[in-house]
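The chain contents come next:
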Amino acid sequence: KAGVTQTPRYLIKTRGQQVTLSCSPISGHRSVSWYQQTPGQGLQFLFEYFSETQRNKGNFPGRFSGRQFSNSRSEMNVSTLELGDSALYLCASSLGVAPSPYEQYFGPGTRLTVT
Amino acid sequence: AQKITQTQPGMFVQEKEAVTLDCTYDTSDQSYGLFWYKQPSSGEMIFLIYQGSYDEQNATEGRYSLNFQKARKSANLVISASQLGDSAMYFCAMIAGAGSYQLTFGKGTKLSVIP
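Residues numbered from 1 in each chain as written. Chains lettered and ligands numbered in written order. Predicted model: local features only at pLDDT ≥ 70, side-chain atom pairs only at ≥ 80, totals over all residues. Heavy atoms only, no water.

K.L.:
If you had to explain the environment of Lys 16 of chain B to someone new, which residues and values would you point to?
P.N.:
Residue and element names in this part refer to chain B. Mapped onto the elements of the fold, Lys 16 is located in the loop between strand S2 (10-14) and strand S3 (19-21). The exposure class assigned to Lys 16 is exposed, which follows from its relative accessible area of 68%. Taking the C-alpha atoms as reference points, Lys 16 and Thr 5, separated by 11 residues in sequence, lie 27 Å from one another. Residues contacting Lys 16, with those up to four places away along its chain left out, are Ala 81 and Ser 82. (Helix = DSSP H or I, 4+ residues; strand = E, 2+ residues; numbered from the N terminus. Buried < 20%, exposed > 50% of the residue type's maximum accessible area, 1.4 Å probe, protein only. Contact = heavy atoms within 4.5 Å.)

K.L.:
How would you sum up the nonpolar core? Please name residues and give values.
P.N.:
Core analysis: the biggest nonpolar cluster contains 26 residues, and Trp 36, Leu 77, Tyr 90 and Leu 111 of chain B have the highest contact counts within it. At the level of elements, S2, S3, strand S5 (32-39), strand S6 (46-52), strand S8 (64-69), strand S9 (74-79), strand S10 (88-96) and strand S12 (109-114) of chain B are the ones that each hand at least two residues to this core. For this core, the element with the highest residue contribution is S10 of chain B, accounting for five residues. For Tyr 90 of chain B, the residues in contact, after removing those within four places along its chain, are Gln 6, Leu 21, Trp 36, Tyr 37, Lys 38, Leu 48, Leu 77, Ile 79, Gly 108, Thr 109 and Leu 111 of chain B. Within the second largest apolar cluster, 21 residues are counted, among which are Val 19, Phe 64, Leu 81 and Val 114 of chain A. (Core = buried A, V, L, I, M, F, W, Y, C linked by side-chain atoms within 4.5 Å.)

K.L.:
Please give an account of the interface of chain A and chain B that cites residues and values.
P.N.:
Facing 22 residues of chain A, the contacting portion of chain B comprises 18 residues. Interface area, chain A with chain B, both sides summed: about 1700 Å², of which 57% is carbon and sulfur. In terms of surface lost to chain B, no three residues of chain A exceed Leu 43, Tyr 102 and Phe 106 of chain A, which account for 35% of the buried area on that side. Taken together, the links from chain A to chain B amount to zero salt bridges. Our count for the contact surface shared by chain A and chain B stands at five residue pairs in polar contact (both at pLDDT 80 or more). (Buried area = accessible area lost by both parts, 1.4 Å probe. Salt bridge = Lys/Arg side-chain N within 4 Å of Asp/Glu carboxyl O. Polar contact = N/O pair within 3.5 Å; in protein donor to acceptor, adjacent residues only side chain to side chain.)

K.L.:
How would you sum up the sheet that holds strand S1 (residues 5-7) of chain A? Please name residues and give values.
P.N.:
All names here are of chain A. Pairing is antiparallel across the open sheet formed by four strands, whose spatial order is S1-S3-S8-S7. Strands at the two margins of the open sheet, each flanked by one partner only, are S1 and strand S7 (64-68). In this sheet, neighbouring strand axes are inclined to one another by 20° on average, regardless of whether the strands run parallel or antiparallel. (Pairing = 2+ DSSP bridges. Axes fitted to C-alpha atoms, helices over the stretch in contact; angles between N-to-C directions.)

K.L.:
Can you explain the state of the cysteines? Please cite residues and give values.
P.N.:
Note: disulfide means a covalent bond formed between the sulfur atoms of two cysteine side chains. This model, assessed by the stated rule, comprises two disulfides over all chains. Linked covalently through their sulfurs, Cys 23 of chain A and Cys 91 of chain A form a disulfide whose S-S length is 1.7 Å. Looking down the S-S bond of the Cys 23 of chain A and Cys 91 of chain A bridge, the torsion is -50°, so its handedness is left-handed. Here Cys 23 of chain A, found in strand S3 (residues 19-24), pairs with Cys 91 of chain A, found in strand S9 (residues 87-94); they are 68 residues apart in sequence, far enough to count as distant. Looking at Cys 91 of chain A, the relative accessible area reads 0%, which means it is buried. Across a sulfur-sulfur distance of 2.0 Å, Cys 23 of chain B and Cys 92 of chain B are joined as a disulfide pair. With the S-S bond torsion at -60°, the cross-link from Cys 23 of chain B to Cys 92 of chain B turns out left-handed. Note that Cys 23 of chain B is positioned in the loop between S3 and strand S4 (24-26) and Cys 92 of chain B in strand S10, a separation of 69 residues in sequence. (Disulfide = S-S within 2.5 Å.)

Written as structure tokens, this is what we have:
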């Protein structure tokens with residue numbers, strides 16, 4: 001069974017630009033969550049989607065947005081990039097329902113550098 | 001709000017020895033789940049083990065076991081027979097509250113296995 005895939009793996013952008021990251025969950029998983037990891041703040045939850053609906057949202061500004069498609073693939077978008085957005089962005093997938101609704105499996109991450 | 005505390009920023013263990021990584025948690029919810037993840041230098045978060053708050057027995061997965069002490073709000077990870085490949089960052093995390101699929105992470109413990 002293929003794992004969670006994220007594209008691109010590395011990205012360099014300039015302040016003020018926008019960026020879109022993509023995540024394909026494990027086949028059969030309907031929930032996709034996004035996390036930001038930085039050395040200073042650690043791992044922080046961005047949002048979670050289930051069947052194309054956002055169920056949970058973390059404490060991030062509106063510049064961070066996401067969506068999920070009917071095939072469960074998800075994208076997250078960051079507009080007007082700031083230097084502080086440089087981070088590893090991790091996507092996780094889970095069944096989202098019983099019997100294992102909470103076990104989340106992560107992708108390799110997208111490392112975003114903002115210059 | 002939930003909180004995870006990992007008090008050991010770094011630890012060393014001799015190959016083939018057992019090691020315990022500490023994790024304490026705080027939540028007012030009665031229903032919650034506790035997780036341990038491993039993050040090698042490559043960046044990918046690898047799911048290790050899960051313990052539900054109502055599970056009466058400690059979770060085990062191969063060389064990993066979770067020492068769950070509910071009254072003390074601790075969920076320590078025990079790795080038996082350490083291997084060189086176990087060298088990595090280890091994160092304790094939790095999901096709490098009905099309808100929440102948001103993982104709250106600790107700051108992590110860097111484990112180094114010495115040959």
